[in-house]
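For reference, the chains in residue letters:
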Amino acid sequence: NPERRQTSLASFGQVRWHWQRAPDEELSAAYFHQEERMRDSFLIGPLRELLIPMLMNERSLPREAAGALIDSMFQRDASVFFDYDNSVVRDDIELEHILAPHADMRLVWGLGHREDKLRASGIFAGSGSLGYRTSRLFGNLEWQLSDQWLVNAGATIEDGSYTKALMSPRPPLNYAVDASHTLRAAVSRAYRRPIPFERNADVRFHETLSRLLLRQTFQPSPDLDPERVSVRELGYLGEFSALRTSVDLRLFEERVSDLIHFDSVAIDGPQRPLLNDRARKASNRGRATVRGAELAVMWRPAANTWLGVNYSRLDIDSADPRLRDSAPRATWSLLAAWSPAPDWQLSLNHHYVGEMGWQRSGANLVSAYRTTSLPAARS
């Protein structure tokens, strides 16, 4: 990773059309185009002093034998070409329609299409351009069945390159016990498709003159499945007007499966690199169950004063210890706000985030931290 010059270029453009056809009906369309390009290629050489310690470590060769092997295989000015040049182009178009088909119904539906074109020969082993497409159809219906029952059901269907069509439904149900208390329940499912690097990464390093393969660090995984999460949740929203207090509580369970992990496995290609016989490859071997609770309480002792607390607790159950520590177990915050005059607001915010690991081992956990702020604002 030597000191060198990199050149990057990013551009973006979007156009949106909006039509308010009636008070309860809207139609909109949007298109955007995005490009990112990076120029980052360089030579490293001579190879002799670079490769000797690698051969000593990878092949357990003594220094003299490693040096003799290199001298027999390469010229004195042998080098390696690192090609990290890449470009990405994305085009996306979407149509959305909002309407009220009945007095107690509201509906939004739409469809869209996205195309990505990638070029990164150093990351995808000279395969040239990769093309990915995704088409989607989505909708959400809000239906007031009665004064007590409200249905708010939605779904998305996606179809795209390399994976079958996927449907992500979310059918929640809300029940108003009375004007101040509401219960809600929901189940949902969602997916994350493999990104191009997870599916197609094939990173190889060759000696410039002889084209001998020195090292392969990633190999492709064309049979990856999408990651999947299934969620069950219960909620309560209460307004206690006599106490000037509101309470919002949510309990949930998320079952995550087919998580994508990179593992070191034997290289399965016909060409064996000089320096290594194992490379990282992606697979769907991760699973986790996330259970948690979220609570928000707001109290207004006076018209110009707010006091609030937010608290969340997570428990991640997984055979992989990196996943168990991949999110803070507890986070909470305290809020106090006071408006001494109509155009002034003073507030105090104190926030706590527990330790977490960013999918690293327990020795590399990020410590818990707290932040406190004292904003003053005038309109």
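Quick notes on the rules
Residues numbered from 1 in each chain as written. Predicted model: local features only at pLDDT ≥ 70, side-chain atom pairs only at ≥ 80, totals over all residues. Heavy atoms only, no water. Buried < 20%, exposed > 50% of the residue type's maximum accessible area, 1.4 Å probe, protein only. Helix = DSSP H or I, 4+ residues; strand = E, 2+ residues; numbered from the N terminus. Arc of directions from axis to C-beta. Contact = heavy atoms within 4.5 Å. Salt bridge = Lys/Arg side-chain N within 4 Å of Asp/Glu carboxyl O. Polar contact = N/O pair within 3.5 Å; in protein donor to acceptor, adjacent residues only side chain to side chain. Patch = residues over 30% accessible without salt bridge, like charges linked within 9 Å, V, L, I, M, F, W, Y side chains within 5 Å. Areas by Shrake-Rupley, 256 points an atom, 1.4 Å probe, with all protein chains shown as cover. Lys, Arg positive; Asp, Glu negative; His and termini not counted. Charge placed at Lys NZ, Arg CZ, Asp CG, Glu CD. Phe/Tyr/Trp six-rings, centres within 6.5 Å; stacked < 30°, edge-to-face > 60°. Lys NZ or Arg CZ within 6 Å of the ring centre and 35° of its normal.

### Digging into helix H1 (residues 48–58)
Listing the buried residues of H1 in full gives Leu-51, Ile-52 and Leu-55. Projected down its long axis, H1 carries its buried residues within an arc of 110°, all on one side. Looking at the buried positions of H1, the neighbouring elements they touch are helix H2 (63–73) and strand E13 (213–218). A positive phi of about 55° marks Ser-60, the residue just after H1.

### Topic: the pattern of salt bridges
Following the criterion strictly, the structure yields 24 salt bridges and no others. Across the salt bridge formed by Arg-4 and Asp-40, the nearest N and O atoms sit 2.7 Å from each other. Within this pair, whereas Arg-4 is found in the segment before strand E1 (7–22), its partner Asp-40 is found in the loop between strand E2 (25–39) and strand E3 (41–44), the two being separated by 36 residues in sequence. On the basis of relative accessibility, which here comes to 5%, the residue Asp-40 falls in the buried class. One continuous salt-bridge network, built from bridges that share partners, spans Asp-92, Glu-94, Arg-114 and Arg-136.

### Focus on the environment of Phe-81
Relative to the helices and strands, Phe-81 resides in strand E4 (residues 80–83). Under the relative-accessibility criterion, Phe-81 is labelled partly exposed at 41%. Residues Phe-81 and Ile-70, spaced 11 residues apart in sequence, show a C-alpha to C-alpha distance of 17 Å. Aside from chain neighbours lying at most four places away, what touches Phe-81 is Ser-41, Phe-42, Leu-43, His-206 and Thr-208.

### Things to note about the side chain of Asp-40
Polar side-chain contacts of Asp-40 include one of 2.7 Å to the side chain of Arg-4. The contacts of Asp-40, once residues within four sequence positions are left out, are Arg-4, Gln-6, Phe-82, Asp-83, Tyr-84 and Asp-85.

### Re a positive patch on the surface
A cluster of like positive charges, contributed by Lys-164, Arg-189, Arg-228 and Arg-287, occupies part of the molecular surface. Among the structural elements, Arg-287 can be located in strand E16 (residues 278–302). Classification of Arg-287 by relative accessible area gives exposed; the value is 58%.

### Describing the environment of Glu-64
On the secondary structure map, Glu-64 appears in helix H2. Residues Glu-64 and Ala-302, spaced 238 residues apart in sequence, show a C-alpha to C-alpha distance of 82 Å.

### Examining the packing of aromatic side chains
In total, this model carries 12 aromatic pairs according to the counting rule given. Note on Phe-82 and Phe-205: the rings are 5.3 Å apart at their centroids and 50° apart in plane angle, and the pair reads as tilted. In this pair, Phe-82 sits in strand E4 while Phe-205 sits in strand E12 (residues 203–206), placing the two residues 123 residues apart along the sequence. The two residues Phe-82 and Phe-205 agree in class, both being buried. Grouped by ring-pair contacts, the aromatic residues Phe-42, Phe-82, Tyr-84 and Phe-205 constitute a single cluster. Taking the ring centre of Tyr-162 as reference, the NZ or CZ of Arg-199 above it sits at 3.9 Å.

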